[in-house]
Amino acid sequence: MIVVDRIREVREHCDRARAQGQSVGLVPTMGYFHAGHRSLMRAARAENDLVVVTLFVNPTQFAPDEDLSRYPRDLEGDRAAAELEGVDVLFTPPVEEMYPDGPPRTKVHVAGLTEGMCGVGRPTHFDGVTTVVAKLFSIVGPCTAYFGRKDYQQVAVITQMARDLDLPVKVVGRPLVREPDGLAMSSRNAYLGDAERSAALVLHRSLRAAAEAVVDGERDATRLSDGVRAAIDDVHLVQLEYIEARDARTLEPVERITDDTVLALAAQVRKTRLIDNVVLHTTESAIEVDMGMVMHEELS
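What this report covers is the structure whose coordinates are included nearby. Quick caveat: nothing in here was measured; it's all calculated off a predicted structure. (Residues numbered from 1 in each chain as written. Predicted model: local features only at pLDDT ≥ 70, side-chain atom pairs only at ≥ 80, totals over all residues. Heavy atoms only, no water.)

**Some details on the side chain of histidine 37**
Note the following rule: Working definition: helices are DSSP H or I runs of at least four residues, strands are E runs of at least two. Numbering for both runs from the N terminus. Residue contacts follow a heavy-atom distance rule, with two residues in contact if any of their heavy atoms lie within 4.5 Å.
For histidine 37, the location among the structural elements is in helix α2 (residues 35-47). Leave out the neighbours within four places in its chain, and histidine 37 touches Thr29, Gly31, Tyr32 and Ser187.

**Observations concerning the nonpolar core**
This is how the line gets drawn: Each nonpolar core is a collection of buried residues, namely Ala, Val, Leu, Ile, Met, Phe, Trp, Tyr and Cys, held together in the definition by side-chain atoms within 4.5 Å. To sort residues, take the accessible area from a 1.4 Å probe on protein chains only and compare it with the maximum for the residue type: under 20% means buried, over 50% means exposed, and anything in between is partly exposed.
Core analysis: the largest hydrophobic core is formed by 48 residues, its most contacted members being Met98 and Phe137. The dominant element in this core, judged by the number of residues it contributes, is helix α6 (residues 125-140), at 9 residues. Those residues within four positions of methionine 98 in sequence are excluded, and the remaining contacts are Ile7, Phe56, Phe91, Pro93, Val132, Lys135, Leu136 and Ile139. Membership of the second largest hydrophobic core comes to 29 residues, among which are Leu203, Val214, Leu263 and Val269.

**Side note on the packing of aromatic side chains**
Defined as follows: Planes of paired rings set the category: under 30 degrees apart is stacked, over 60 is edge-to-face and the rest tilted, where pairs are Phe, Tyr or Trp rings (Trp by its six-membered ring) whose centres lie within 6.5 Å.
Under the definition given, this model contains 3 aromatic pairs. Considering the side-chain rings of phenylalanine 56 and tyrosine 99, the 6.1 Å spacing of their centres and the 55 degrees angle between planes classify their relative orientation as tilted. In this pair, phenylalanine 56 sits in the loop between β3 (50-55) and α3 (75-84) while tyrosine 99 sits in the loop between α4 (95-98) and α5 (118-121), placing the two residues 43 residues apart along the sequence. What makes tyrosine 99 buried here is its relative accessible area of 7%. Measuring from ring centre to ring centre gives 5.9 Å for phenylalanine 62 and tyrosine 71, while their planes differ by 80 degrees; the resulting arrangement is edge-to-face.

Written as structure tokens, this is what we have:
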């Protein structure tokens, strides 16, 4: 595995691979790799000749009062994990390489998909995400890019951006990966103490109960959301930010559940913000897949 920190270097590797008729797979990350990241690397490795993983804690997607300075970092551990997954190029640019003139004057904004859900509490977040991902797509060039569906809204936003701008990138959303107890994999899980981690399990439990209610015949989005809210309100360490039923493709709010509905939430577990979601289905056989029941031990 080659580790590079300059745009010119990673671009040269990608251009050379394509000149030789090879395909390029890209996994953009902010590091502190867990099994969810590794599942994306494995998918990229299985489907491409050259696998590029980017590791960049992007300051433009953090608000001033958020956790940029304390976001978990472990470069040596990440290097080892990426090498074990067969990554060819690990791109670890410093901030001054990505933003040599300071915060960029040009920003990418995807209207209609970024104002609701996580965009309400984090109004500048998605512009930071789309701007840096557009830069990474430009740097790497034509490729297939892999993202985890834990960040369901993010995948929808990036997919729309690539489509609208005719970027030569195929965006692939991969299944959410969970810990054995059901907690969605997240680098921010490292912030949780024992009591907080135990409390955070209500997020998965409440979404799973909603998914099972749909199988049992419930179709009213408000009743499902209210059930999730009531379950979370019973856990004093967890403060629900939102619970919403949205069309799984357009992210438009829905009142009635169909097989194309995502139920998504965000919550504060004391000072740690976590997100989770489930794509709802009317048949029982689909629950395990869309609750992201890909467990840590299957990927270790």
